Amino acid sequence: MGATDHGRSSFDAITSIEAVGEHVFYDLHVPVWNNYLAHGIVNHNSGKTHAFCLKALWLSDVFPKNRGVIFRSVAKELRATTMATFYKLCPQRAYAKRNDQEGLLTFKNGSEVLFLHLENPDIQGIIRGLEINWFFGDQAEEDPEHMETIFDLLLGRIPRWDVAEVPTWVMAQHTLGTGQPWPYMNPRTQKPMPPAYAMLACNPDTELHWIYRRFHPESADHQRVYRAQGYRLFEIHTAENIYLPEANKQALLGHDDAFVQRNYYVKWGYAEGTIHEIPALAILDGSLELLDYFQHACTLHRFLDHGDTSPTCCLWLAVDRDGNLFWYREYYQPNALISTHRANITALSEGERYDQSQADPSIFYKEMQKRGGRWSISDEYLDVVELPRTTAIAWTAADNNELGTRNRINEYLRVDPERIHPVTKTRGSPQMFFVKANPGYPQGCFHCIAQTRSQKRVKIGTDLGKGVFSDERDPNITDHAYDPLRYGVASRPTRMRVSRKPDPGSFFGQQQRLATWQRSQMGRR
């Protein structure tokens, strides 16, 4: 298929058909258009730039006087890769004017494509003045903070360009295929408009990345907000690209495991230079029965990372008689007063006794003046004069030795083939577990899991194509829920030596009664 100057697509005649055997075939489409609308697509080495450039050409060719934007973070890479791919696909006969200096392409049918890069200091001002109907961001995982801002700005500029035309044959095909009239109309003039497309192509990154949070179906933000807004994600890993030479695939597989998981198998949470890998065996589904076990058969501990405007996070830890660590509860709240944190943490802690309650050492620095003396954040948590005595919490200073704690965390997360899993009772288990939040157990861990997976070292160079990293942790990765985990592991929490007697009416109390009865029946036999 090629683009023409008549606002229609042209087709070449088939000259021959050759049998090539059976192969896996993927057809992702919507009726009439035989294509797919993706507010986001995530893949690697699967021709994503090629596919979206074809989409841009289709939008420019089928809808005369249409207007869109193709953008990328770095100007050099925009010209060398994205624009190069676009012009390789776009026949010269289709456009009337090409100005690479200004990044503007004008088609013979009046459609325009504007190429932008984020290195332009005036980029936000340029976007605020645009009226467009579609955009495509290539390698959108780059420069995440800036890229998210640009994405949101561009979302606000579509569909604005009402000069674009919708050919009658397009509307007729739509009605013939769906039985419905053309759905895209200008709300003011009721003039038919082209469909609006917001498209991104990227490679996987951490679970804290804005693209994961908005587009990934397992993201809590996606489930809560963005799914209803139409955000969609498609993942295609490299092995499914039948056009990529085998030598290229083997070269990708020759990198470190985190690179392979991220860039070959399209798995999120495997950052370059990642510090911790959480095995699937370490994730437990939260339940009231599991909580009952922690409360009656484990020692309990609390660890706090306080933030003034940034999130305050408190994690609860249970340790059983075998030394297994269970992070079973998470409190994560930004922009709240200490009185609010005190009340919430106290409510979540009701009925539990703790061997330790430790917090970030920085909250013990006496920096603020109160009642004529030096005052600290820890004093505020303990204050009973101006705040209720029932919510007072006495924290002690945690060990903030990060380098010494990292290895211990990884030792706890390592799957020991001889260790018995405390829940499944099968061989092969880590020693540290995260009780995941779910609708039936809403106070389980979420941010703690994502932030622990996302921590990575600072990259300082490459050696034979592989990254070289320093011991320093990347300061740009959010760690409000990771720090309490570090404090807990560094505290060397005590394990339960003698199980606390369960409440007779609890799940474990009934389980104990059943076991006692079964033993008595065995004795009679």
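Residues numbered from 1 in each chain as written. Predicted model: local features only at pLDDT ≥ 70, side-chain atom pairs only at ≥ 80, totals over all residues. Heavy atoms only, no water.

1. Let's talk about the overall build of the protein
- For the protein, the count of helices and strands is 16 helices and 23 strands.
- Taking all 525 residues of the protein together, 48% fall into the buried category.
- Taking the intrachain contacts of the protein between residues at least 6 apart in sequence as the baseline, contacts between residues at least 24 apart amount to 67%.
- Counting every atom, the protein has about 27,200 Å² of accessible surface; 51% of that belongs to carbon and sulfur. (Helix = DSSP H or I, 4+ residues; strand = E, 2+ residues; numbered from the N terminus. Buried < 20%, exposed > 50% of the residue type's maximum accessible area, 1.4 Å probe, protein only. Contact = heavy atoms within 4.5 Å. Areas by Shrake-Rupley, 256 points an atom, 1.4 Å probe, with all protein chains shown as cover.)

2. Comments concerning the pairing of strand β14 (residues 325-333)
- Burial of β14 is extensive: seven of the nine residues sit out of reach of the surface.
- As defined by bridge partners, strand β13 (residues 312-319) adjoins β14 across eight bridges and the pair is classed as antiparallel. The residue of β14 that forms the bridge with Ala318 is Phe326.
- In sequence, β13 turns back onto β14 through a hairpin of five residues, with Gly323 there showing a positive phi of about 80°. (Pairing = 2+ DSSP bridges.)

3. Overview of helix α2 (residues 75-89)
- For α2, spanning 15 residues, the distance from its first C-alpha to its last is 20 Å, which sits close to the expected 21 Å at 1.5 Å a residue.
- By the burial criterion, the buried members of α2 are Ala75, Leu78, Thr82, Met83, Thr85, Phe86 and Tyr87.
- On its buried face, α2 sits against α1 (48-62), β4 (67-72), β5 (95-99), β6 (104-107), β7 (112-117) and β8 (134-137). (Expected span 1.5 Å × (residues − 1).)

4. Examining the side chain of Arg157
- With respect to the helices and strands, the residue Arg157 is situated in the loop between α4 (144-155) and α5 (168-178).
- With no salt bridge to any partner, buried Arg157 finds its closest opposite charge in Glu131, at an N-O distance of 5.3 Å.
- Among residues more than four places away in sequence, those in contact with Arg157 are Ile127, Arg128, Gly129, Leu130, Glu131 and Ile132. (Lys, Arg positive; Asp, Glu negative; His and termini not counted. Salt bridge = Lys/Arg side-chain N within 4 Å of Asp/Glu carboxyl O.)

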